[in-house]
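Per-entry structural report
This is what each chain is made of:
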Amino acid sequence: MTERLDRIEAILDRTAQRAEANTVAIEGNRVAIEADRVAIAQLHSTVNSLVQVVEIHQLNHEATGRNFEGIVTELREIKTEIRGLRTGSQSILEHLFGRQEKGE
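What you see is a predicted model, and the numbers here were worked out from it, not measured in a lab.

Structural notes on the overall build of the protein
Within the protein, the secondary structure is distributed over 1 helix and 0 strands. The globule rule puts the C-alpha radius of gyration for 104 residues at 13 Å, and the 44 Å found for the protein is more than 25% above it. When its C-alpha atoms are laid out on the principal axes, the protein stretches across 150 × 15 × 10 Å. Buried positions account for 0% of the 104 residues belonging to the protein.

Here is the structure:
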């Protein structure tokens, strides 16, 4: 009978040790889960910040594109004006030099 009780006691001791080890492991897992929860929350916040930065850059890019198109249009208009001035000044020069040659 004592042999049987000794085996039962040994089984109970091993069960208690396993229960204690499981309790320690559960606590460790709880701490790890909490750390993961905090890290995930920080990651979520970082992703939201990056999305906001991308949206701002997208708006800036669109505005820059519109500004560039406006500048190109203005340059074309200036180029047209320069051609007109060149044509006008060429006519004036031809007229002046034509008079001077005839007058000489």
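From this point, the narrative continues.
Quick look at a nonpolar patch on the surface
A cluster of nonpolar side chains, namely Met1, Leu5, Ile8 and Leu12, defines an oily patch on the protein surface of about 460 Å² accessible area. You can see Ile8 is positioned in helix α1 (residues 2-103). Take Ile8: its relative accessible area is 38%, and that puts it in the partly exposed class.

Section: the pattern of salt bridges
Counting across every chain of the model gives 2 salt bridges. As a salt-bridge pair, Glu27 and Arg30 come within 2.7 Å of each other at their nearest N and O atoms. Here Arg30 and Glu27 lie together in helix α1, a separation of 3 residues that amounts to about one turn. For Glu27, a relative accessible area of 38% corresponds to the partly exposed category. Overall, the relative accessible area of 48% leaves Arg30 in the partly exposed class.

With respect to a negative patch on the surface
Among the surface-exposed residues, Glu3, Asp6, Glu9 and Asp13 lie close enough to one another that they form a single negatively charged patch. You can see Asp6 is positioned in helix α1. Judged by its relative accessible area of 49%, Asp6 is partly exposed.

Examining a positive patch on the surface
A cluster of basic residues, Arg76, Lys79, Arg83 and Arg86, forms a positive patch at the surface. With respect to the helices and strands, the residue Arg86 is situated in helix α1. Owing to a relative accessible area of 56%, Arg86 belongs among the exposed residues under this scheme.

Some words on the environment of Ala21
Along the polypeptide, Ala21 turns up in helix α1. What makes Ala21 partly exposed here is its relative accessible area of 45%. For Ala21 and Asn67, which are 46 residues apart along the polypeptide, the C-alpha to C-alpha distance reads 68 Å.

Criteria and cut-off values
Residues numbered from 1 in each chain as written. Predicted model: local features only at pLDDT ≥ 70, side-chain atom pairs only at ≥ 80, totals over all residues. Heavy atoms only, no water. Helix = DSSP H or I, 4+ residues; strand = E, 2+ residues; numbered from the N terminus. Rg over C-alpha atoms; globule rule 2.2 N^0.38 Å. Buried < 20%, exposed > 50% of the residue type's maximum accessible area, 1.4 Å probe, protein only. Patch = residues over 30% accessible without salt bridge, like charges linked within 9 Å, V, L, I, M, F, W, Y side chains within 5 Å. Areas by Shrake-Rupley, 256 points an atom, 1.4 Å probe, with all protein chains shown as cover. Salt bridge = Lys/Arg side-chain N within 4 Å of Asp/Glu carboxyl O. Lys, Arg positive; Asp, Glu negative; His and termini not counted. Charge placed at Lys NZ, Arg CZ, Asp CG, Glu CD.

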